[in-house]
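For reference, the chains in residue letters:
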Amino acid sequence: MPLPRTRGTALRIGVSPARAQSRAWGRLAELRGPDVPAKALDARALAALAANPGCARRAILDGAGVNKTALASALGSPSAFGQSQFALTRGNAFEAKVKADGGAELLRLVHEKLDRSAEPPADARVPDLTASGPQGRTARTELELREATAHPGAWTLLDHPMLALDVAGSPAYLEPDAVVVHPDGTWTVVEIKSFPLLDGSADPAKVGAAARQAAVYVLALEEVAARLASEVSPAPRVRHRVLLVCPRDFSNLPAASAVDIRKQRAVTARQLARLTRIEDIADALPEGTCFSPELPVEELTAAVESVPATYAPECLSACELAFHCRARSREEGAVTTLGRPVRAELGGLTTVEEVLAAARGEAGDPGDPAVAALRRAAALRAEALEAACR
């Protein structure tokens, strides 16, 4: 079974696609450093990457498989990003409970929340997805999805399938918690999280993050469905309502909620499509650039700074290099340090010094709405201070 074709093959006259792709992968390996294994992209990283598509630094580091946690520590700005070992252990135990007995409870929740019109799940098929390497597991998953869709009428549970998604010219291998094939042949993504559902609702921020992550899986499944459309009748359809399974209240009992991810899917698809091709970023780097944490700090800092970053406060909860980028952004006086909404209001004023100069009337076009608003605000502030001192 052919694997997904990627846009990452840089075609040149007289260069075969295989040779061009080999060169591209070799270039990314050079960026990581000698004998440094690639850190695979997961759906959580892709959701964060899609949230900041203008950041070339994150695009090239993630595309090359650089371990950003080790990189941040080597730069002297260690990250507090990530889950505690206790949270990981608790999450794994809860997931095992949900999938016990062949996924009986999980399938019951899917039937209850998403497909009441179907026959209740009984004797569901749970195929073995074991294979060698991510490419083998991806092919195995696609084979089982085709088999389950071509013979509708029964429930099928794929436990930790492997999906491939083309991201900025490179394949990212993703592993959702589960994918369920309904008796009508449609596919549903299942996300299992350890944060609680209290009285039927959960922390909106955490639910939003889970929805963005599920949207990445849905996009990857849609690529599989498109490839199988000519082989399976009816054509596979990926449902845009996913199942979020969490502990009920303060117990370890599973509860579920159907989450509509159409908005998150559309946003993620648009932003991933806008990501700069990784090869183009790599070609613009100085010769010999390397992001290995083993390099001296000065050399490593120069390598990281050779790639432009687009820092925003939201990066603190999504990127391991956020502390380093924030420090550089503050040193440069960039207004993005204050947040994207502030940056959008200031138009062509990109630094705090430019903003202050415009407010004092020392620079800026008076006809610029942003400059006019700043000067008006400065005048009102001066009047308020004068009145307070009387």
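Residues numbered from 1 in each chain as written. Predicted model: local features only at pLDDT ≥ 70, side-chain atom pairs only at ≥ 80, totals over all residues. Heavy atoms only, no water.

Caption draft 1: Layout of the overall build of the protein. Tallying secondary structure elements over the protein gives 15 helices and 7 strands in all. In terms of principal-axis extent, the alpha carbons of the protein reach across some 80 × 65 × 40 Å. Within the protein, the proportion of its 390 residues that are buried is 45%. Relative to all contacts within the protein whose residues are 6 or more apart in sequence, the contacts with residues 24 or more apart total 65%. On the protein, roughly 19700 Å² of surface is accessible, and the fraction owed to carbon and sulfur atoms is 55%. Mean positive and mean negative side-chain charge positions of the protein (46 and 48 charges, respectively) differ by 2 Å. (Helix = DSSP H or I, 4+ residues; strand = E, 2+ residues; numbered from the N terminus. Buried < 20%, exposed > 50% of the residue type's maximum accessible area, 1.4 Å probe, protein only. Contact = heavy atoms within 4.5 Å. Areas by Shrake-Rupley, 256 points an atom, 1.4 Å probe, with all protein chains shown as cover. Lys, Arg positive; Asp, Glu negative; His and termini not counted. Charge placed at Lys NZ, Arg CZ, Asp CG, Glu CD.)

Caption draft 2: Focus on the nonpolar core. Of all hydrophobic cores here, the largest spans 44 residues; its most connected members are Leu-46, Leu-145, Leu-165, Leu-174, Trp-187 and Leu-221. For Leu-174, the contacting residues outside a window of four places in its chain are Leu-41, Asp-42, Ala-43, Leu-46, Pro-161, Met-162, Leu-163, Leu-165, Val-216, Tyr-217 and Ala-220. Ranked by size, the runner-up nonpolar core spans 26 residues in total, among them Leu-61, Val-66, Val-307 and Leu-321. (Core = buried A, V, L, I, M, F, W, Y, C linked by side-chain atoms within 4.5 Å.)

Caption draft 3: Region of interest: helix H8 (residues 204–228). An ideal rise of 1.5 Å per residue puts 36 Å on 25 residues; H8 measures up with 35 Å between its terminal C-alpha atoms. The N-terminus of H8 is capped by Asp-203, whose side-chain oxygen sits 3.0 Å from the backbone nitrogen of Ala-205. (Expected span 1.5 Å × (residues − 1). Polar contact = N/O pair within 3.5 Å; in protein donor to acceptor, adjacent residues only side chain to side chain.)

Caption draft 4: Spatial organisation of the packing of helix H2 (residues 43–51) against helix H3 (residues 56–63). Closest axis-to-axis distance for the H2/H3 pair is 10 Å, and the angle between their directions is 155°. On the basis of their axis angle, the class for H2 and H3 is roughly antiparallel. Here the hand of the crossing between H2 and H3 comes out left-handed. Of H3, the residues touching H2 (which contributes Ala-45, Ala-48 and Leu-49) are Arg-58, Ala-59 and Asp-62. Here the contact of H2 with H3 is built from residues that sort into 4 nonpolar, no polar and 2 charged. (Axes fitted to C-alpha atoms, helices over the stretch in contact; angles between N-to-C directions. Parallel < 35°, antiparallel > 145°, perpendicular 65-115°, else oblique. Left-handed = near helix turned anticlockwise from the far one by under 90°. Nonpolar A, V, L, I, M, F, W, Y, C, P; charged D, E, K, R; others polar.)

Caption draft 5: Local environment of the environment of Glu-287. With respect to the secondary-structure elements, Glu-287 resides in the loop between helix H10 (278–283) and helix H11 (297–305). Judged by its relative accessible area of 81%, Glu-287 falls in the exposed class. Once the C-alpha coordinates of Glu-287 and Leu-107 are considered, the two residues, 180 residues apart in sequence, prove to be 53 Å apart.

Caption draft 6: Representation of the side chain of Thr-141 in the model. Among the secondary structure elements, Thr-141 is positioned in helix H7 (residues 133–150). Judged by relative accessible area, Thr-141 falls into the buried class, the value being 1%. Contacts of Thr-141, omitting those with residues within four sequence positions, involve Leu-129, Leu-158, Pro-161, Met-162 and Leu-163.

Caption draft 7: How the structure looks around unusual backbone geometry. Of note in this structure, Asp-101 is not a glycine but carries a positive phi near 55°. For Asp-101, the position within the fold is in helix H6 (residues 100–114). One non-glycine residue with positive phi stands out, namely His-160, at about 50°. Within the secondary structure, His-160 is located in the loop between strand E1 (156–159) and strand E2 (163–167).

Caption draft 8: Region of interest: the pairing of strand E5 (residues 187–192). Burial analysis of E5 places 6 of its 6 residues in the buried class, the great majority of the element. Of the two faces of E5, both are covered, the one formed by Trp-187, Val-189 and Glu-191 as well as the one formed by Thr-188, Val-190 and Ile-192. What sits between strand E4 (residues 178–181) and E5 in their antiparallel hairpin is a turn of 5 residues, with Gly-185 showing a positive phi close to 90°. Looking at chain direction, E5 and strand E6 (residues 241–247) are connected through 3 bridges and run parallel. Considered in E6, the bridge of Val-190 is made with Leu-243. The β-α-β motif built from E5, the intervening H8 and the parallel element E6 has right-handed crossover chirality. (Pairing = 2+ DSSP bridges. Right-handed = clockwise from strand over helix to strand, strands pointing away.)

Caption draft 9: Seen up close, the sheet that holds E6. The strand order E1-E4-E5-E6-E7 describes an open sheet built from 5 strands, whose pairing is mixed. Pairing within the sheet leaves two strands with one partner each, and these edge strands are E1 and strand E7 (254–260). In this sheet, adjacent strand axes meet at a mean angle of 25° when their direction is disregarded. Both E6 and E7 contribute to a ladder of 7 bridges, which runs antiparallel. Its bridge partner lying in E7, Val-245 is registered against Ala-256. In this fold H6 packs onto E1, E4, E5, E6 and E7, with an angle of close to 125° to the strand it touches most, E6.

Caption draft 10: Quick peek at the pattern of salt bridges. Taken as a whole and assessed by the stated rule, the structure comprises 24 salt bridges. Of the charged contacts in the structure, one is a salt bridge between Arg-328 and Glu-305, with a shortest N-O distance of 3.4 Å. One end of the pair, Arg-328, is in helix H12 (residues 322–332); the other, Glu-305, is in helix H11, with 23 residues separating them in the sequence. Taking the relative accessible area as the measure of exposure, Glu-305 reaches 30% and is therefore partly exposed. A single network of salt bridges, built from pairs that share partners, joins Arg-57, Glu-305, Arg-328 and Glu-331. (Salt bridge = Lys/Arg side-chain N within 4 Å of Asp/Glu carboxyl O.)

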